[in-house]
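Notes for the structure review
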Amino acid sequence: MGLVFFVMDFASDQFFMGEALRLARKAFRAGEVPVGAVIVREGEIIARAWNQVETLKDATAHAEMLAITQAESEVEDWRLTNCDLYVTKEPCPMCAGALVHARLRRVIFGCGDAKGGAAGGLLNILQMPELNHRCEITSGVHAGECGEILKAFFQERRERGEKTEKLKN
């Protein structure tokens, strides 16, 4: 019997969302809403971030916002036109606005957010025809895992009697 080789497609949406999930788990362990994000350019991760709102005491410290800042520094430009964002939860309006302004090519997210998502959940800022740029959207990548980590986080907080509205972002 010959050797069998398995080739992993490192440039796949599944792989990069897996990396974002690793960061979401890091956020969970830090007591942050478990959202992770990576930004990819030409098949290479150039930015990694997780929510740090509570840690930094900064309402804008969402995973997407931190990843954008890191990627802009890496490419030495605020324009991220050849970059794709992988994030475990559908971006909120603040993050979606920043993604459009940074001109990301594509936004790939795990689970949707019907109550506050701005990539088709509640509204779709990423593809508003009135704006100067539109991002391609791919949703549902590792949706089950991405949704489960959020559910587990908020369930754990409820069991501890903590107010979840303070922790949502």
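Use the structure listed above.
The notes below deal with the structure included here. (Residues numbered from 1 in each chain as written. Predicted model: local features only at pLDDT ≥ 70, side-chain atom pairs only at ≥ 80, totals over all residues. Heavy atoms only, no water.)

**Quick word on the overall build of the protein**
This is how the line gets drawn: The secondary structure listing takes helices from DSSP runs of H or I that are at least 4 residues long and strands from runs of E that are at least 2 residues long, numbered from the N terminus. Working rule for contacts: check all heavy atoms of both residues, and any pair within 4.5 Å makes them a contact. A 1.4 Å probe and the Shrake-Rupley method give the accessible areas. Residues count as covered only by the protein chains that appear here.
Of the regular secondary structure elements, the protein holds six helices and five strands. Reading the protein from its N end, one meets helices and strands in the order α-β-β-α-α-β-α-β-β-α-α. Long-range pairs, those at least 24 residues apart, make up 58% of the contacts in the protein between residues at least 6 apart in sequence. Accessible surface, the protein as shown: approximately 9100 Å² in total, 53% of it carbon and sulfur.

**As for a negative patch on the surface**
Which entries qualify depends on this criterion: Here, patches come from residues exposed beyond 30% relative accessible area and free of salt bridges, joined within 9 Å for like charges and within 5 Å for nonpolar side chains (Val, Leu, Ile, Met, Phe, Trp, Tyr). Every case where a carboxyl oxygen of Asp or Glu lies within 4 Å of a side-chain nitrogen of Lys or Arg is listed as a salt bridge. Only four residue types enter the charge count, namely Lys and Arg as positive and Asp and Glu as negative; His and the chain termini do not. Positions of charges follow a simple convention, taking NZ of Lys, CZ of Arg, CG of Asp or CD of Glu. Three exposure classes are used, based on accessible area relative to the maximum for each residue type with a 1.4 Å probe and protein chains only: buried under 20%, partly exposed in between, and exposed over 50%.
There is a patch of like negative charges on the surface, built from Glu42, Glu44, Glu74 and Glu76. Structurally, Glu74 is set in helix α3 (residues 63-75). Accessibility expressed as a relative area gives 48% for Glu74, which makes it partly exposed.

**Regarding the nonpolar core**
Nonpolar side chains in soluble globular proteins tend to be buried together. Convention followed: The nonpolar core is taken to be a set of buried Ala, Val, Leu, Ile, Met, Phe, Trp, Tyr and Cys residues, with the residues joined through side-chain atoms within 4.5 Å.
Counting 47 residues, the largest nonpolar core has Ile39, Leu80, Leu85, Leu104 and Leu126 as the members making the most contacts within it. Ranked by the residues each element gives to this core, the list is headed by helix α1 (residues 13-29), at six residues. Once residues within four sequence positions are removed from consideration, Leu126 is found in contact with Ala96, Leu99, Val100, Val107, Ala118, Ala119, His133, Arg134, Cys135 and Ile137.

**Observations concerning the sheet that holds strand β1 (residues 36-41)**
Put simply, the test is: Between any two strands, pairing holds if DSSP finds at least two bridges. To define axes, lines are fitted to C-alpha atoms, for helices over the stretch in contact only, and angles between the resulting N-to-C directions are given on a 0 to 180 degree scale.
An order of β2-β1-β3-β4-β5 is seen for the five strands of this open sheet, with the pairing classed as mixed. Each having just a single partner strand, β2 (44-50) and β5 (136-139) make up the two edges of the open sheet. When the angles between neighbouring strand axes are averaged without regard to direction, this sheet yields 15°. Relative to strand β3 (residues 83-89), β1 is paired through five bridges, and the arrangement is antiparallel. Looking at β3, one finds that Ala37 is bridged to Val87. The sheet contacts of α1 involve β1, β2, β3, β4 (106-111) and β5, and relative to β1 the element is tilted by about 145°.

**Details of the packing of aromatic side chains**
Selection criterion: The pairing test for Phe, Tyr and Trp rings, Trp by its six-membered ring, is centres within 6.5 Å, and the orientation test on the planes gives stacked under 30 degrees, edge-to-face over 60, and tilted for anything in between.
Counted under the stated rule, the structure contains four aromatic pairs. Consider the rings of Phe15 and Phe16, whose centres lie 5.3 Å apart with planes at 70°: the pair is edge-to-face. Judged by relative accessible area, which is 2%, Phe16 ranks as buried. Seen from their ring centres, Phe16 and Tyr86 are 5.3 Å apart, and the 45° between their planes marks the pair as tilted. Taken as a pair, Phe16 in helix α1 and Tyr86 in strand β3 lie far apart in primary sequence, 70 residues in all.

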